[in-house]
Protein chains: 2
Amino acid sequence: MPSAAVQRIERLLRPRSVAVVGASGDTNKLAGRIVPAIRQGGFAGKLFPINPRRSEVAGLPCFPSLSAVGEQIDHCIVILPRDQVQEVVEECARLGVQGVSIFASGYAEAGEDGVRAQQQLVELSRSADLPFLGPNCMGFVNLVDGLTATTSSVIARNQEAGDLALISQSGGLAFGTIAYAVAESPMAFSYALNTGNSAGVDFGDLVEFLYADEHTRRILIVAESNAHVAQVVRRVDEIGLQKPIVLLKLGRGESGAAAARGHTGSLAGDYELVRDCAEGAGIVCVDDVADAINALQVVGSAPAREGRLGLGVVSISGGNLTLFADVLSSSELEFATLQASTVDTLRELLPGSASVTNPVDATFLGFDRPEVLGRVVETLGNDPDCKIVVVITTTAEDLRPAARAVVDAAASSPAQVAVVWNGGSYDGAAEGILTSAGIPVVRGSAAFARAAAAVQRATPRTRDTTGAAGTLVTPAGFGTAELRESDSLEFLDVNGVPVVPWRRATGDTLVAAAEEIGFPVVIKVDTAQTRISDQGGVVLDLRNAAEVEKAGAELEEKFGGDYLVARFAGGAEMFASAFQHPDFGPVLAVGTGGRLVESIKDVTYVRLPAQPQDIAAALRRTLIGKVLDEGARGMSGFDSAVGAVHALGRLALAARDVVTQIEINPFIVGDGRAVAVDASIHLKGTGPEEAL
Amino acid sequence: MPSAAVQRIERLLRPRSVAVVGASGDTNKLAGRIVPAIRQGGFAGKLFPINPRRSEVAGLPCFPSLSAVGEQIDHCIVILPRDQVQEVVEECARLGVQGVSIFASGYAEAGEDGVRAQQQLVELSRSADLPFLGPNCMGFVNLVDGLTATTSSVIARNQEAGDLALISQSGGLAFGTIAYAVAESPMAFSYALNTGNSAGVDFGDLVEFLYADEHTRRILIVAESNAHVAQVVRRVDEIGLQKPIVLLKLGRGESGAAAARGHTGSLAGDYELVRDCAEGAGIVCVDDVADAINALQVVGSAPAREGRLGLGVVSISGGNLTLFADVLSSSELEFATLQASTVDTLRELLPGSASVTNPVDATFLGFDRPEVLGRVVETLGNDPDCKIVVVITTTAEDLRPAARAVVDAAASSPAQVAVVWNGGSYDGAAEGILTSAGIPVVRGSAAFARAAAAVQRATPRTRDTTGAAGTLVTPAGFGTAELRESDSLEFLDVNGVPVVPWRRATGDTLVAAAEEIGFPVVIKVDTAQTRISDQGGVVLDLRNAAEVEKAGAELEEKFGGDYLVARFAGGAEMFASAFQHPDFGPVLAVGTGGRLVESIKDVTYVRLPAQPQDIAAALRRTLIGKVLDEGARGMSGFDSAVGAVHALGRLALAARDVVTQIEINPFIVGDGRAVAVDASIHLKGTGPEEAL
């Protein structure tokens, strides 16, 4: 029994009857081209043009209204100006229509008036359980059933069903650029949807439907808004990554975000966060259409790969191998480390002058002995560290025998086999032999490396949530007033986040507090005020009682009141923050800390709850993490840094009813220890609005 | 009158008669395919197969030896095993042959024995003024004269002469991958050379010949060794960048370097340095073949562009514009800032609903009104900040009218016009209309951005060498013994490099020295020994006489002797080094300094002499440079940092007879000042071997 989500989307996308409201006889207009497009596509169901001013459209009888049809209408395509849409959708709801496509623009992408109009549609859709595509969309194609409910010269030429489903907020990309790129690739669409403003359908529901659809083996999502990416990420959390998903996120940079706002009214956000959250769910994130096509070929139908994709590489061109190695060295990919037995077998297969290390330079072999090439591929593909075997072509009069050998070898090796097409033969037959056997053929080493690296980066974070949240300890009076410096440190301290040794003090007890902690110390005016250091309220690196006394006297004169005394520690500076993201929920940010945190922008994100290995993986992607992990110049404490951030994550989840954000800058990491030195905590209702 | 270099290469590449020594009748062998390949290519000169065991090869009379030909032989192709080559080349020298191609491998790429054999060839070539391609090469094609002295199935199909000259150390790339990519592009070769081990010809001479050649408009170089890149860079220094040069450097990373050593026996080096030196000569550096082809299209025949390439962009697809903006935001490229008059004109041209900011969203225009599209392109192209107008296509039934409009607009705009082909029509006619008018057509936004960014990065450094070297001041006794800390600081100080305030002192005079300088101070044992700080020989941040006295007593007990006292300064840490590179000569390195300099690897290189603006441009490409330039968190002193590094460069050139390397880590930059704090100077004969 399909889930409610699957049934809802099935009704939307697989109708047995379609009405086109606003169908025109003028084929120069969009409204005049939909009915012919559907007919040309060979849709086997019923098709009803609706237009009170016409009796016939494209050779079909035309009805004055939906109700005049007098038969069940499953899907209604509305091609009317915005102001006439709501009424038609209301009629759809009354008549039991199961899904709607709304082409009109002028909604949320066009200002306040449009936002209201879109909200009306959403409310109607919810109350009537009537999903819709759009508004501001260009329709959809369901090639499984031969329904091409859009106009596109490239779709019109490529109506064979394939295994790739596309969900795109952009119509120009869906039915122009991507459709063109797919047509030039070995792939074809099962479904391609332009959801436009994407107000009437949950992307999670779409993904769940595509999981259930037997024709679809891989999914490409083009999303402009974080909210729609988050719908997918959450659904993957719930039901797993059952088929590979590739994401092209639009509106990434500042300028991109501005353009996206103009485009479909979605507010684009911080791309790095979105990418890290998606990749942490196993979704492959790419930067442009070409990379998307290549990544879709490389993922094939394997939903998730764990860890490092070791590459085994063979070519008959040394120059191409050098270039491939160059490209690899500036990516995160690595050559597989071959077992001795693999190398022995290669040595038997190849002449003495060939290089039998990885990459394998088979120059002297040529493509004249395809059976040897095949055995090299098979040998590499059976090495346990080798996850993808890459064959790099060069130009040849006839590559078909080599292609057949590669196909056969792929069938008898556990590794995936891929071809980097760095020049080939002209007939196209060799390429066809490869692609029809499901072997990815990617043009160029750099393009392959970008795609494979994107696939490698998509590693689902641990789904083990045991011990995710700690038990919250609330210091007396905590949260009843604004937090002072010392309240924040104490809150971390009692909840298991390692902090620098510290004491509260007054002017009189400063020296005693410092001596208890041990020199050197820092004294801070203990206040809820931010930027107290800019006013001279912080004195660093005091080495003895005399210095503390002198500094204390000066502070008393200027500020009076209470102080925080803490050990002055040296080491590497790490930043960590736990906060509530409006779309992705509780998220940890970690990276290089200190004064220049905004300039350096060295940060990675991981959704909470996160296990230590997830945090370690995120931290290793940052500069500070690499330095700590390598122990460069005596910098030690990677594991402690991970432990400290993990404790922060547990606390953040435990405290979600009390606190909206905890930012620590810096954690000082050195001598194998990581301690929080400065913390900024937002109490619920006083800081960012979302609770953790 | 052509230069000697041009004449030498003209004799090598444009022979009127060619002999093939080792020509075979077996067309399964390379030696049997060259003569037919030359005949098929339509070479109009004389062709002499040489083989004592045959009387006829491929329908031509075959001679037993070169001397048996009895006519002038201009070029001799030698396809014999290595051990027979030297004798033949000696005969070539005797007979007045003008150039040789040596196909045999087993030379420098194959070990010591081969290195010696190659050296013999080089000596012969020099003494006889007889240039050669190879050894270990696959020949060359000169399509200007119809001479295809190589076997390649792709060359055999594409023998029309074009304007692209290729010099490649790799044969597989030259006659396989790149030839294939060029055949699929709008370009064609004038010349394509595989120089293999590249022992018998200077790349500078080749470039000078191609400058003089009227058919060649752009040059692609594929080089594995730094030395060959340096030959080009030096020649460009001497005679200018007369035609655009694109460089694909092989053997870039660690693994790449290893593969390159196996391949042609060249020692590959530090790619970042090579790239910075080449880009500083105006050479466009790319990372793979696809990027090379695109960059060659974008450079066209314009040798050098100065500064920022502002982009004006127009599309009818909002999604594609968003994607383009995304891609741009992660590159160094920027949208042009349009003048108000440009925006006014666009507003007149486009309907009210269109976006008339840059990028221009002409969604409502469609490609149905090509004359409006043309006027938009022309308007953007006449804006002074707009250096390239980019038209992004989407799929259409017929793009020819739009293509014609773009071609016409390009003709009447000072900016370059380029097309990002993000989907098109199927006939190919529109693409042909664009490319035959010289308009670059690049597939995909990311590919375009990579190519245009590479073109933008290639900005020749200032060639003004006024005041390049200072006048050297040599402190008494300098260079007669190993340098102590204080000798190095003094050497910088008296030669105009700003240094931290400092004094020499003994145990007795430490306090007085510190008081003269002003607290806080640092005390160092003044020794030539490195890593004295690891032994406790450095005490930081002493704030008063008592602290100096205490620290001094402890140092006296442990070390005794002489000390250096210097001001303890805080600020950003910058690294700078001037050194002699074996291929590129004197070079400055600048970047983020401090303890983690090796981990952070944030460094750019600029050849000396360099003017302040060159150093500023290099520094801005580093993290520390960005931070200082933006004045983030009060970090100031960008100009002082540039001045300090400039002074270091002047000193390095002035001191080249005395000193081989000066490394300063760190320069402390803060409060608008930059001062050297720690310096390491290598005297000639004691450190790295090359003199500055």
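Residues numbered from 1 in each chain as written. Chains lettered and ligands numbered in written order. Predicted model: local features only at pLDDT ≥ 70, side-chain atom pairs only at ≥ 80, totals over all residues. Heavy atoms only, no water.

**Considering the domain arrangement of chain A**
It is common to give the size of an interface as the accessible area lost on bringing the parts into contact.
All names here are of chain A.
And then number 1: Considered domain by domain, chain A is made up of domain 1 (4-299), domain 2 (311-457), domain 3 (501-567) and domain 4 (572-683).
And then number 2: Counting from both sides, the interface comprises 11 residues of domain 1 and, opposite them, 14 residues of domain 2.
And then number 3: With both sides pooled, the region where domain 1 packs onto domain 2 buries about 1000 Å², and carbon together with sulfur makes up 59% of that total.
And then number 4: The tally of links from domain 1 across to domain 2 stands at 2 salt bridges.
And then number 5: Here domain 1 and domain 2 share 4 residue pairs in polar contact (both at pLDDT 80 or more) between them.
And then number 6: Of all the secondary-structure elements, those providing two or more residues to the side of domain 1 that touches domain 2 are strand 14 (284-286) and helix 11 (289-299).
And then number 7: It is helix 11 that contributes the most residues to the side of domain 1 that touches domain 2, 6 residues altogether. (Domains from an automatic or database assignment. Contact = heavy atoms within 4.5 Å. Buried area = accessible area lost by both parts, 1.4 Å probe. Salt bridge = Lys/Arg side-chain N within 4 Å of Asp/Glu carboxyl O. Polar contact = N/O pair within 3.5 Å; in protein donor to acceptor, adjacent residues only side chain to side chain. Helix = DSSP H or I, 4+ residues; strand = E, 2+ residues; numbered from the N terminus.)

**Comments concerning the relation of the copies chain A and chain B**
And then number 1: Between chain A and chain B, the superposition needs a rotation of 180° and an axial shift of 0.0 Å, giving an RMSD of 0.2 Å. The transformation just described matches what one would write down for a two-fold rotation axis.
And then number 2: An overlap of 100% is found between the interface residues of chain A and their copies at the interface of chain B, pointing to a shared contact surface. (Least-squares fit on C-alpha atoms with pLDDT ≥ 70 in both.)

**Observations concerning the packing of aromatic side chains**
Within a pair of aromatic rings, the relevant descriptors are the distance that separates the centres and the angle that separates the planes.
And then number 1: Inspection of the entire model under this criterion finds 12 aromatic pairs over all chains.
And then number 2: A ring pair is formed by Phe324(A) and Phe335(A), whose centres lie 6.3 Å apart and whose planes are at 45°; its orientation type is tilted. With Phe324(A) in helix 12 (residues 318-329) and Phe335(A) in the loop between helix 12 and helix 13 (340-349), this residue pair connects regions lying 11 residues apart in the sequence. Residue Phe324(A) shares its accessibility class with Phe335(A), and that shared class is buried.
And then number 3: Between Tyr191(B) and Phe209(B), the aromatic rings sit 5.4 Å apart at their centres with planes inclined by 75°, giving edge-to-face as the arrangement. (Phe/Tyr/Trp six-rings, centres within 6.5 Å; stacked < 30°, edge-to-face > 60°. Buried < 20%, exposed > 50% of the residue type's maximum accessible area, 1.4 Å probe, protein only.)

**Section: the environment of Glu306(A)**
All names here are of chain A.
And then number 1: By the secondary structure assignment, Glu306 is in the loop between helix 11 and strand 15 (311-315).
And then number 2: You can call Glu306 exposed: its relative accessible area is 59%.
And then number 3: Sequence separation between Glu306 and Thr660 is 354 residues, and the spatial gap between their C-alpha atoms is 33 Å.
And then number 4: Excluding residues that lie within four positions of it along the chain, Glu306 makes contacts with Thr459 and Pro460.

**What about the interface of chain A and chain B?**
And then number 1: Taken residue by residue, the interface counts 66 residues in chain A and 66 residues in chain B.
And then number 2: Between chain A and chain B the total buried area reaches about 5300 Å² when both faces are included, carbon and sulfur atoms providing 53% of it.
And then number 3: Run the count over chain A and chain B and you get 8 salt bridges.
And then number 4: The salt bridge partner of Arg543(A) is Glu547(B), with a shortest N-O separation of 3.4 Å.
And then number 5: Our count for the chain A to chain B interface comes out at 22 residue pairs in polar contact (both at pLDDT 80 or more).
And then number 6: The set of elements that each furnish at least two residues to the side of chain A that touches chain B consists of helix 5 (153-157), helix 6 (171-184), strand 13 (245-249), helix 9 (254-264), helix 12, helix 17 (445-457), helix 21 (597-600) and helix 23 (623-630) of chain A.
And then number 7: Among the elements that line the side of chain A that touches chain B, the one with the most residues is helix 12 of chain A, at 9 residues.

**Details of the packing of helix 3 (residues 85-95) of chain B against helix 4 (residues 112-128) of chain B**
Residues and elements named next belong to chain B.
And then number 1: Closest axis-to-axis distance for the helix 3/helix 4 pair is 11 Å, and the angle between their directions is 0°. With respect to their mutual orientation, helix 3 and helix 4 come out roughly parallel. Between helix 3 and helix 4, the contacting residues are Val85, Gln86, Val89, Glu90 and Ala93 on the first element and Ala117, Gln120, Leu121, Leu124 and Ala128 on the second.
And then number 2: Residues that form the contact of helix 3 with helix 4 fall into these classes: 7 nonpolar, 2 polar and 1 charged. (Axes fitted to C-alpha atoms, helices over the stretch in contact; angles between N-to-C directions. Parallel < 35°, antiparallel > 145°, perpendicular 65-115°, else oblique. Nonpolar A, V, L, I, M, F, W, Y, C, P; charged D, E, K, R; others polar.)

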